[in-house]
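Close look at the chain arrangement
The lines below spell out each chain.
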Amino acid sequence: MIERRLREGILEGEYPAGMRMNEVELAERLGVSRTPVRSALTILAQDGLLCYAPNSGFTVQVFNSADIESIYELRSTLSGLAARLAAQTGLDDTVSDRLHAVLSRSDLMISEGIWTRDAHHEWRGLNEEFHEAVELASCNQHVQAALRRTKDIPLLKEIRYRWISPEMMSINHMQHAQIMDAIRRGQQVRAEDLCREHVYQNGQRIVRHWREIEQRNAAARQGEEPAADGGDTDSARAPLTRSA
């Protein structure tokens, strides 16, 4: 599918930030007519991965690892606040049951030790369910709305789960259990600290991978290999778009 191939190319940095997506060149490269390419580009623009300008066409949206890091600093703070408020307010039976169900299923998945595309997809749903339940338990609509804004960034939604391994799933499950325990016990400071660090570390995982893509793109432009020390590349920018 042309749309999927182009989407993967953007997410893997094959099409760098700011690159003009020329329909004719892409059609020749992919061995198809311009029609499916144009349709795919339109979909990707609607999803926020591309920017369209009349008379200029489509270009890859620009967003870098520093932006991702800033977003996760905000999101980790808000997530910690939600957990603290949940511990302060207490869990009602409905939310408590939701959290227990997520942890039970996650525990079973880890015990089974099967890591497939379907398992990855299920884990993504379980993770979302856990955090949504904690946010709901905060009983603060403003915190919930602010958190949604940090999540509703098109490319970030796409790459959040790209670099998850079975080991990472196990670590996240353990952290979820600790957060749940702190909330259940009404330990406000502990719940806040655990949840904030949990979200922050997951953000750092994404930042590290995105910096690798930035460095690879910068090296390709300069005709040399990426630096071995894995340092930041200030001039390299990768695609993403901000949510209003």
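Residues numbered from 1 in each chain as written. Predicted model: local features only at pLDDT ≥ 70, side-chain atom pairs only at ≥ 80, totals over all residues. Heavy atoms only, no water.

Within the protein chain, the regular secondary structure consists of 10 helices and 2 strands. Walking the protein chain from its N terminus toward its C terminus, one meets helices and strands in the order α-α-α-β-β-α-α-α-α-α-α-α. Expressed along its principal axes, the backbone C-alpha trace of the protein chain runs to roughly 60 × 40 × 40 Å. The burial tally for the protein chain puts 45% of its 244 residues in the buried class. Sequence-distant contacts, at least 24 apart, represent 75% of the contacts inside the protein chain between residues at least 6 apart. (Helix = DSSP H or I, 4+ residues; strand = E, 2+ residues; numbered from the N terminus. Buried < 20%, exposed > 50% of the residue type's maximum accessible area, 1.4 Å probe, protein only. Contact = heavy atoms within 4.5 Å.)

By size, the foremost hydrophobic cluster in this structure holds 31 residues, and its most contacted members are Leu 6, Met 21, Leu 41, Leu 50, Ile 68, Leu 156 and Ile 159. Those elements that place two or more of their residues in this core are helix 1 (2-11), helix 2 (23-30), helix 3 (34-46), strand 2 (57-60), helix 4 (65-89), helix 8 (154-159) and helix 10 (188-222). Of the residues forming this core, the biggest block, 5 residues, is contributed by helix 10. Counting residues in each nonpolar core, the second largest holds 24 residues, with Met 109, Met 169, Ile 179 and Cys 195 among its members. (Core = buried A, V, L, I, M, F, W, Y, C linked by side-chain atoms within 4.5 Å.)

Most peptide bonds are trans, and most residues other than glycine sit at a negative phi. Residue Asn 55 is not a glycine yet carries a positive backbone phi of 70°. With respect to the helices and strands, the residue Asn 55 is situated in the loop between strand 1 (50-53) and strand 2. Its relative accessible area of 85% is what places Asn 55 among the exposed residues.

Applying the stated criterion across every chain, the model contains 20 salt bridges. For Glu 8, the salt bridge goes to Arg 4, with nearest N and O atoms at 3.0 Å. A residue pair is termed a helical-turn pair when its members lie 3 or 4 positions apart in one helix, as Glu 8 and Arg 4 do in helix 1 at 4 residues. On the accessibility criterion, Arg 4 (39% relative accessible area) is partly exposed. Put simply, Arg 38 and Glu 23 hold a salt bridge, and the shortest N to O gap is 3.2 Å. Of this pair, Arg 38 sits in helix 3 while Glu 23 sits in helix 2, and the two are 15 residues apart along the sequence. Its relative accessible area of 15% is what places Glu 23 among the buried residues. Among the ionic contacts, a cluster of salt bridges with common partners joins Glu 3, Arg 7, Asp 47 and Glu 158. (Salt bridge = Lys/Arg side-chain N within 4 Å of Asp/Glu carboxyl O.)

Attention shifts here to the packing of helix 9 (residues 166-184) against helix 10. Packing of helix 9 against helix 10 leaves a shortest axis separation of 8 Å and a crossing angle of 160°. Relative to helix 10, the element helix 9 is oriented roughly antiparallel. The interaxial crossing formed by helix 9 with helix 10 has left-handed handedness. On helix 10, the residues that touch Met 168, Asn 172, Gln 175, His 176, Gln 178, Ile 179, Asp 181, Ala 182 and Ile 183 of helix 9 are Arg 190, Ala 191, Leu 194, Cys 195, His 198, Asn 202 and Arg 205. Taken together, the residues of the contact of helix 9 with helix 10 sort by class into 7 nonpolar, 6 polar and 3 charged. (Axes fitted to C-alpha atoms, helices over the stretch in contact; angles between N-to-C directions. Parallel < 35°, antiparallel > 145°, perpendicular 65-115°, else oblique. Left-handed = near helix turned anticlockwise from the far one by under 90°. Nonpolar A, V, L, I, M, F, W, Y, C, P; charged D, E, K, R; others polar.)

Throughout the structure, instances matching the rule amount to 2 aromatic pairs. Between Tyr 52 and Phe 58, the ring centres sit 4.9 Å apart and the planes meet at 50°, which makes this aromatic pair tilted. (Phe/Tyr/Trp six-rings, centres within 6.5 Å; stacked < 30°, edge-to-face > 60°.)

Pairing analysis gives 4 bridges linking strand 1 to strand 2, with the strands arranged antiparallel. Among the inter-strand pairings, Ala 53 is bridged to a residue of strand 2, identified as Gly 57. Hairpin connection of strand 1 to strand 2: 3 residues between the antiparallel strands, including Asn 55 at a positive phi of 70°. (Pairing = 2+ DSSP bridges.)

Its 13 residues give helix 3 an end-to-end C-alpha distance of 18 Å, which sits within 8% of 18 Å, the value for a rise of 1.5 Å per residue. Taken together, the buried positions of helix 3 are Val 37, Ala 40, Leu 41 and Leu 44. Taken end-on, helix 3 shows its buried residues confined to a sector of 100°, consistent with a single buried face. Opposite the buried face of helix 3, at more than 90 degrees from it, the exposed residues are Thr 35 and Gln 46. Buried-residue contacts for helix 3 involve helix 1, helix 2, strand 1 and strand 2. Gly 48 lies just past helix 3 and shows a positive phi near 90°. (Expected span 1.5 Å × (residues − 1). Arc of directions from axis to C-beta.)

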